[in-house]
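Here is what each chain is made of, one letter per residue.
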Amino acid sequence: KSGKMFVPSNTSGEIPDCPEIPPDLSPLNVHYIPNITYIKIVSQNPNVGPGGHGKPEGCKARQKVALIIPFRDRDSHLRNWLYYMHPFLKAQQADYGIYVVEQSEGSMFNRAKLMNVGYVLASNDYDYNCFIFTDVDIIPMDQRNLYRCSSNPKHMANALDKFNFILPYPNLFGGIVAFTKEQFTKVNGFSNMFWGWGGEDDELYQRVVAVGMKVERPDLIIARARMISHNRDAGNEETGKSVHLIFKASQRMYKDGLNTLNYTIIGITGHKLFTKITVDVGTEQ
Ligand code: UD2
Ligand code: MN
């Protein structure tokens, strides 16, 4: 025997925490590229693991972030989102996973219910403590806009190009929101009752207010983001039923949400750039 043992260079076996604010973040040039291909995005992001997971090298992230995207028939938007977001999240030294929650054909779109399904399945996949619920068509224009959770629920789509980079009305809570696990369970998630376009974001805002939490927003300069312009999708029409649901949010919130969520998984596929969950969320009762 030589008596020699292999001793790794870092004897404690621990890697340091990442800095609170990642280094070298800057504004970005973002424009819609209709013909970007998955092959190109994969080749440009060799560090991304199966199912769309990324992790910083050489340091330990302070949060584990799940990005949840409600989806149906928006492939070119998804390609653009992935093209910009994988490098963006890498620059932010994020420990993250991307979940595209696709509603199966034949029923009215239910964005909020897809968010709840994404929350449950992502939680089963990895030890996430932060959940960012984002539309597929919104791409941040500044790396300093940290895709992280805060001590309050955070609304992150407060400076969209579509609204000339200002908050169009004070209670807007649509587009992108970030919740810790504690914050999201405290409001019982989103309502499951919003079929078709509109109102589910305002209802979530009412839940946040009802439990006494405040909403945070990033600075208007760093929150600048592009929303890819589009028409209203077929199968996501506005029904006009949302107003009374928003109004009664605080009375309904503990009997409509994560604790009453029902759905049927059609399939879960680990793509190279994201995890796709196809789900049947039913139809309006
Ligand atoms: C606003 C809100 C959005 C949501 C919506 C009303 C902002 C910036 N955005 O966006 O968060 O509250 O109003 O429901 O405030 N989707 C599909 N396929 C479909 C339909 C929708 O993938 O057929 C997904 C996709 O991720 C899309 C999101 O749902 O970005 C919201 O739908 P939208 O983009 O049509 O709604 P929009 O732009 O009016
Ligand atoms: Mn949109």
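Residues numbered from 1 in each chain as written. Chains lettered and ligands numbered in written order. Predicted model: local features only at pLDDT ≥ 70, side-chain atom pairs only at ≥ 80, totals over all residues.

Engineer: For this particular structure, what's the right way to read the UniProt feature "domain: Galactosyltransferase C-terminal" (unreviewed entry) in the protein chain?
Structural biologist: UniProt feature "domain: Galactosyltransferase C-terminal" (unreviewed entry): in the numbering of this structure it lies at residues 154-230. The span residues 154-230 carries 22% helix and 17% strand; its end-to-end C-alpha distance comes to 25 Å. (UniProt positions renumbered as here; feature names shortened; annotations may be inferred. Helix = DSSP H or I, 4+ residues; strand = E, 2+ residues; numbered from the N terminus.)

Engineer: Honestly, helix α2 (residues 75-91) in this entry has me stumped. Any pointers?
Structural biologist: Turn by turn, an α-helix covers 3.6 residues, leaving residues three or four places apart pointing in a common direction. Taking 1.5 Å of rise per residue, 17 residues should cover 24 Å, and α2 covers 25 Å from first to last C-alpha, within 8% of that figure. Along its length, α2 shows its largest kink, about 25°, at Met-85, and proline Pro-87 lies within four residues downstream of that point. Counting buried positions along α2 yields 12 of 17 residues, so the element is predominantly enclosed. When α2 is considered as a whole, its buried residues turn out to be His-77, Leu-78, Arg-79, Asn-80, Trp-81, Leu-82, Tyr-83, Tyr-84, Met-85, His-86, Phe-88 and Leu-89. On the buried face of α2, the contacting elements are α1 (38-44), β1 (53-54), β2 (64-71), β3 (95-103) and β5 (138-140). Directly after α2, the chain includes Gln-93, whose backbone phi takes a positive value near 55°. (Expected span 1.5 Å × (residues − 1). Bend = angle between axes of the 7 residues up to and from the residue. Buried ≥ 20, exposed ≤ 12 C-beta atoms within 10 Å, placed from the backbone. Contact = placed C-beta atoms within 7 Å.)

Engineer: Where do I start with the pairing of strand β10 (residues 264-270) in this structure?
Structural biologist: It is a general feature of regular strands that their side chains alternate between the two faces of the sheet. Counting buried residues in β10 gives zero out of seven residues, a small share hidden from the surface. By the bridge criterion, six bridges tie β10 to strand β11 (residues 275-280) in an arrangement that is antiparallel. Counted as the bridge partner of Gly-267 is Thr-278 from β11. (Pairing = 2+ DSSP bridges.)

Engineer: Could you clarify how one ought to interpret the UniProt feature "domain: Galactosyltransferase N-terminal" (unreviewed entry) in the protein chain in this entry?
Structural biologist: The UniProt entry lists residues 18-150 under the feature "domain: Galactosyltransferase N-terminal" (unreviewed entry), expressed in the numbering used here. Helix makes up 29% of residues 18-150 and strand 20%. Its end C-alpha atoms lie 17 Å apart.

Engineer: Explain the sheet that holds strand β7 (residues 159-160) here, please?
Structural biologist: The strands making up a sheet are joined through hydrogen bonds of the backbone, oriented either antiparallel or parallel. Reading across from one edge, β5-β9-β7 is the order of the three strands in this open sheet, with mixed pairing throughout. Every interior strand has two partners, whereas the edge strands, β5 and β7, have only one. As judged from the two bridges shared by β7 and strand β9 (residues 224-227), these two strands associate in the parallel manner. Its bridge partner lying in β9, Leu-160 is registered against Ala-225.

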